[in-house]
Amino acid sequence: MTLLDNLHIELPSWAFGNSGTRFKVFGTPGTPRDVREKIADAAQVHRLTGLAPTVALHIPWDRVDDYTALSAYAQDLGVRLGTINSNTFQDDDFKFGSLTHSDKTIRQKAIDHHLDCIEVMNRTGSRDLKVWLADGTNYPGQGDIRARQDRLAESLATIYQHIGPEQRLVLEYKFFEPAMYMTDVPDWGTSYAHVSALGERAMVCLDTGHHAPGTNIEFIVAQLLRLAKLGSFDFNSRFYADDDLIVGAADPFQLFRIMFEVVRGGALDSDSPVAFMLDQCHNVEEKIPGQIRSVMNVEEMAARALLVDTEALRAAQDDGDVLGANAILMDAFYTDVRPALARRRAERGLPEDPLAAFRASGYQTRIAAERVGGTQSSWGA
Ligand code: PSV
Ligand code: MN
């Protein structure tokens, strides 16, 4: 048993639907038309990698009448339903905010949506409610920053009262977008302040694409783990803003540094409270292989992080051996673990090359032929 056995990466249902930019959403033959087809695609990723046993849902995009039946359907395919993501960013009423809105009726509507999400969690057996808010303002003076924080705290407290003993609320932060001047939960500190006020079952969600360029994300990981408040990751990568690209694609070294702090902070231990999730949108690449590539990238950087000779590193650090310490870390980063991971997969009855196995399976051709008619799912529906 190595710590790598504890690595489970949750897939976002919305990654299997079409997505794009504000300029164009490209459709692809075989794109799921409903949540069942999204789950079926996610199950392929798990079948071939053994790394992704759960699927996150976004409500209302993945709303169904019978969540118990949906859970059973997922289990038949070898996966489970995971985090429930709320959505208060696509309703006209929320144009000026949701949980922070100055109008009590609209705030209540946003709170009620979260209570609906908790109801869904009760049916699916999900542990986490993930809250990301598009709330914020575009112009200085547009809103009262302080009052919005107070209303946010009050709304979150109401929602938190309904979180069951086995459930958690994770609050995601993002420094801009869609709000351009001020976001109501812009950074880990603000998320930390709110979840700390709520209680033990409220934690921070760190989306790797939600920081200003140049931010030292691994420092935030180390700090939140130290404070026992890192609840989950939304993994993706970015060159410029919230690009939602394949994790590890833009900066594999950053992913390694993050995974090193994950290991260092005990987040891969069997009793770790940290949920690893992807939050990606595939705009031009194929979606199922895109998700396979992503979970393999996380696995690869976790494996490299586990190779760091921590005793030698500590000794070098204590001796003030700057170059020696750096070299120990870099040795692990530069080690090609791909052959070892391929062997490990074979030992576990998995294909050595999951991407090749997917291509050979004919699954993509089959769904392209079968999924004719209906409306392809898109980010936002
Ligand atoms: C916001 O940009 C975000 O990262 C949140 O996690 C949303 O739920 C998700 O993207 C939607 O794709
Ligand atoms: Mn996210």
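Residues numbered from 1 in each chain as written. Chains lettered and ligands numbered in written order. Predicted model: local features only at pLDDT ≥ 70, side-chain atom pairs only at ≥ 80, totals over all residues. Heavy atoms only, no water.

**Some details on the coordination of the manganese ion (ligand 2)**
Selection criterion: Counted as donors are N, O and S atoms no farther than 2.8 Å from the metal, or 3.2 Å for Na, K and Ca; water is not among the atoms, and sites may therefore look incomplete. By the criteria applied here, four donors are tetrahedral when all angles lie between 85 and 135 degrees, four are square planar and six octahedral when opposite donors are over 155 degrees apart and every other angle lies between 65 and 115, and any other arrangement is irregular. The secondary structure listing takes helices from DSSP runs of H or I that are at least 4 residues long and strands from runs of E that are at least 2 residues long, numbered from the N terminus. Think of it in three bands: with a 1.4 Å probe and only protein chains considered, a residue is buried below 20% of the maximum accessible area for its type, exposed above 50%, and partly exposed in between.
Surrounding the manganese ion (ligand 2) are the protein donor atoms Glu172 (OE), Asp207 (OD), Asp234 (OD) and Asp279 (OD), which sit 2.1 to 2.2 Å from the metal. Relative to the metal, the six donor atoms surrounding the manganese ion (ligand 2) lie at angles of 72 to 164°, and the coordination shape comes out octahedral. Along the chain, the residues donating to the manganese ion (ligand 2) fall in the pattern E-x34-D-x26-D-x44-D. With Asp207 in strand β8 (residues 202-207) and Asp279 in the loop between β10 (275-278) and α8 (287-306), this residue pair connects regions lying 72 residues apart in the sequence. Pair check on accessibility: Asp207 and Asp279 agree, each one buried.

**A word on the nonpolar core**
Where a protein is soluble and globular, its nonpolar side chains tend to be buried together. Inclusion rule: Working definition of a nonpolar core: buried Ala, Val, Leu, Ile, Met, Phe, Trp, Tyr and Cys residues. They are joined through side-chain atoms within 4.5 Å. Contacts: residue pairs with any heavy atoms within 4.5 Å of one another.
Grouped together as the largest cluster of nonpolar side chains are 93 residues, with contacts concentrated most on Phe233, Phe235, Met259 and Phe276. By residue number, the principal contributor to this core is α8, which donates nine residues. Setting aside residues no more than four positions away along its own chain, Phe235 makes contact with Thr208, Val247, Leu255, Ile258, Met259, Phe276, Met277, Leu278, Asp279, Gln280 and Val298.

**Overview of the site of ligand 1**
Filter applied, for reference: To be near a molecule or strand, a residue needs just one of its heavy atoms within 4 Å of it. Here a polar contact is recorded for every N or O atom pair within 3.5 Å, except that within protein the pair must consist of a potential hydrogen donor and a potential acceptor, and residues adjacent in sequence are included only if both atoms are side-chain atoms. Each accessible area value is a Shrake-Rupley result obtained with a 1.4 Å probe; residue values ignore everything except the protein chains displayed when judging cover. The classification used treats Ala, Val, Leu, Ile, Met, Phe, Trp, Tyr, Cys and Pro as nonpolar, Asp, Glu, Lys and Arg as charged, and all other residues, Gly among them, as polar.
Near ligand 1 you find Trp14, His58, Lys130, Trp132, Glu172, Lys174, Asp207, His210, Asp234, Asp242, Asp279 and Trp379, and these make up its full shell. Between an oxygen atom of ligand 1 and a side-chain N or O atom of Trp14, the distance comes to 3.3 Å. In this structure, Asp207 approaches ligand 1 through a side-chain N or O atom, which is 3.1 Å from an oxygen atom. Its free accessible area being 320 Å², ligand 1 has 96% of it covered by the protein chains. Looking at the shell around ligand 1, its residues break down into three nonpolar, two polar and seven charged.

**Points about the packing of aromatic side chains**
Keep this limit in mind: The criterion for an aromatic pair is that two Phe, Tyr or Trp rings (for Trp, the six-membered ring) have centres within 6.5 Å, with stacked assigned to planes under 30 degrees apart, edge-to-face to planes over 60 apart and tilted to the rest. Criterion for a charge above a ring: Arg CZ or Lys NZ at most 6 Å from the ring centre, at most 35 degrees from the ring normal.
Tallied over the full model, the rule gives 14 aromatic pairs. By the ring-pair criterion, three or more aromatic residues cluster together here, those being Trp14, Trp61, Phe89 and Trp132. Against the face of Phe94 rests Lys109, its NZ or CZ located 5.6 Å from the ring centre. Sitting over the face of the ring of Phe333, Arg304 holds its NZ or CZ atom 5.2 Å from the ring centroid.

Treat this as a map of the structure, not an account of what it does.
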